[in-house]
Amino acid sequence: MRDLDTLPKAELHLHVEGTLEPELAFDLAARNGVELPFADVRELRAAYDFRDLQSFLDLYYATMAVLRTARDFTDLTLAYLERSVPQGLRHVELFFDPQAHTGRGVAFEDVVDGIGEGLRLGRERWGVTGGLIMCFLRDQPVEDAARTLQAAATRRGSLLGVGLDSAEVGHPPALFADVFAAARAQGLHVVAHAGEEAPPAYVREALDVLGVERVDHGVQAVHDADLLRRLAAEQVPLTVCPLSNVRLRVVDRLEEHPLHRLLAAGVRVTVNSDDPAYFGGYVGDCYRALREAVGLSDAQAAQLARNAVLGSFADQARKAELL
Ligand code: ADE
Ligand code: ZN
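Computed from a predicted model, the values in this text were never measured in an experiment. (Residues numbered from 1 in each chain as written. Chains lettered and ligands numbered in written order. Predicted model: local features only at pLDDT ≥ 70, side-chain atom pairs only at ≥ 80, totals over all residues. Heavy atoms only, no water.)

1. Structural notes on helix 15 (residues 298-311)
Filter applied, for reference: A run of H or I in DSSP becomes a helix once it reaches four residues, and a run of E becomes a strand once it reaches two; helices and strands are each numbered from the N terminus. In this scheme, a helix's expected span is set at 1.5 Å multiplied by one less than its residue total. Relative accessibility thresholds used throughout: buried, under 20% of the residue-type maximum; exposed, over 50%; partly exposed, between the two (1.4 Å probe, protein chains only).
In this model, helix 15 (14 residues) spans 20 Å end to end at C-alpha, consistent with the 20 Å of a helix rising 1.5 Å per residue. Of the positions making up helix 15, those classed as buried are Ala301, Leu304, Ala305, Asn307, Ala308, Val309 and Gly311.

2. Observations regarding the coordination of the zinc ion (ligand 2)
Six octahedrally arranged donors around a metal ideally form angles of 90 or 180 degrees; four tetrahedrally arranged donors ideally form angles of 109.5 degrees. Inclusion rule: Counted as donors are N, O and S atoms no farther than 2.8 Å from the metal, or 3.2 Å for Na, K and Ca; water is not among the atoms, and sites may therefore look incomplete. Four donors are marked tetrahedral only if all angles between them lie between 85 and 135 degrees, whereas four are marked square planar and six octahedral if opposite donors are more than 155 degrees apart and the other angles lie between 65 and 115; the remainder are marked irregular.
Around the zinc ion (ligand 2), the protein contributes the donor atoms His13 (NE2), His15 (NE2), His193 (NE2) and Asp274 (OD), which lie 2.0 to 2.3 Å from the metal centre. Around the zinc ion (ligand 2) sit four donor atoms, and with donor-metal-donor angles ranging over 84 to 175° the site reads as irregular. Considered as a linear motif, the donors of the zinc ion (ligand 2) on their single chain read H-x1-H-x177-H-x80-D. Here His13, found in the loop between strand 1 (9-11) and helix 1 (22-32), pairs with Asp274, found in the loop between strand 8 (268-271) and helix 13 (276-279); they are 261 residues apart in sequence, far enough to count as distant. When sorted by exposure, His13 lands in the same class as Asp274, which is buried.

3. Topic: the pairing of strand 6 (residues 214-217)
Going by this rule: Pairing between strands is defined by DSSP: at least two bridges between the two strands are required. The crossover handedness rule: strands pointing away from the viewer, path from first strand over the helix to second strand clockwise, crossover right-handed.
Direction of pairing for strand 5 (residues 189-194) relative to strand 6: parallel, over a ladder of four bridges. In the sheet register, Ala192 faces strand 6, and the bridge partner there is Val215. In this fold, strand 5 hands off to helix 9 (residues 200-210), which returns the chain to strand 6; that crossover is right-handed. Note: strand 6 against strand 7 (residues 237-240), two bridges, orientation parallel. Note on strand 7: the bridge partner recorded for Val215 is Leu238. Handedness of the β-α-β unit built from strand 6, helix 10 (residues 225-234) and strand 7 comes out right-handed.

4. Quick notes on unusual backbone geometry
For Gln235, which is not a glycine, the phi torsion comes out positive at approximately 50°. Mapped onto the elements, Gln235 comes out in the loop between helix 10 and strand 7. Backbone geometry at Asp274 places phi at a positive 70°, although glycine is not the residue there.

5. A short note on the pattern of salt bridges
Applicable threshold: Salt bridges are defined as contacts in which a side-chain nitrogen from Lys or Arg sits within 4 Å of a carboxyl oxygen from Asp or Glu.
Applying the stated criterion across every chain, the model contains 21 salt bridges. Salt-bridge contacts for Arg31 lead to Asp72; the nearest nitrogen and oxygen are separated by 2.8 Å. Separated by 41 residues along the polypeptide, Arg31 in helix 1 and Asp72 in helix 4 (residues 70-84) bring together distant segments of the chain.

6. Some words on the pairing of strand 5
Judged by how many residues are buried, strand 5 sits mostly within the fold: five of six residues are covered. Strand direction decides the pairing type here: strand 4 (residues 159-165) and strand 5, joined by two bridges, are parallel. Residue pairing for strand 5: Gly161 is matched across the bridge by His189. The handedness of the strand 4 to strand 5 crossover, carried by helix 8 (residues 177-185), is right-handed.

7. Here's the deal with the site of ligand 1
Note the threshold: The criterion for a residue being near a molecule or strand is simple. One of its heavy atoms has to lie within 4 Å of it. Polar contacts here mean pairs of N or O atoms no more than 3.5 Å apart (in protein, one a potential hydrogen donor and the other a potential acceptor; neighbouring residues in sequence count only if both atoms are side-chain atoms). The accessible surface values rely on the Shrake-Rupley method and a 1.4 Å probe; as for residues, cover is taken only from the protein chains in view.
Around ligand 1 lies a shell formed by His15, Leu53, Phe56, Leu57, Tyr60, Asp165, Ser166, His193, Glu196, His217, Asp274 and Asp275. Contacts to ligand 1 include His15, whose side-chain N or O atom sits 3.4 Å from a nitrogen atom. The contact in question runs from a nitrogen atom of ligand 1 to an N or O atom on the side chain of Asp275, over 2.7 Å. Contact with the protein chains hides 100% of the accessible area of ligand 1, taken as 260 Å² for the molecule alone. For the shell around ligand 1, the element with the most residues is helix 3 (residues 53-63), which contributes four residues.

Rendered as structure tokens:
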């Protein structure tokens, strides 16, 4: 059996704020004089017991209050890379949530420059490539998303694309049609979370109305045979996050995860960690957990890794290096 860490991996669904380990959260809280509503690392970790997406998001947004300066974002990004490179990470297209920071008085430029510096150092130290995908919070007014896209003009060259995340049910993709059209017109790549908790119709809407190039999660598509056929025919990458789906109770157990059904339908599935500090594993851990729980074979693991490279926004030369 292959050592899965030696498989070169691209990660396409990773929220940088979701890589904030409790130890770093307390270090940054001390550095910035921010009070966390938990006594210590143990108490914070004990709160990682989620009922659903919303119960996770409540803690996720509360904890990121410790992130205040560009240096904090650099340290966060480097800590993620340091953990992931030994697990085979070679390329990452990471999400960030600017509205969750600018709403607290952090400058948009500090967020982007800080993460960008982390990626630059990662490339220098470990040869990891990648870029930033700016996500709009779908549970905030669409006008905020439009303003955020305007604010991003000062850092347009630092962005690969835009995405859509946060509380899904009741906040369908079509609400953001105009913002996504504007992003596409600027030449930005577009992706969106869809079909994590909400029904397959959200996946269709993300494709048809937002024009997304990848669907983040998308696992609910397994309940819609027509949609599965379309995803397979069009080879739309799904950035699936199995450990996240268990922790947020999208599925009861990893053994019941639809990954095999999606693969069998011919969908371009990729495996990702989503918010690894909260969900119990980085990208290599996700592959390992699938081997243990659902018998992922070496050939399937290689296919998933290949799908991620093919589904990435890396240029052809970099893709060729990674394949
Ligand atoms: N933000 C961070 N992680 C998320 C997830 N799994 N779904 C939606 N929004 C998120
Ligand atoms: Zn996500």
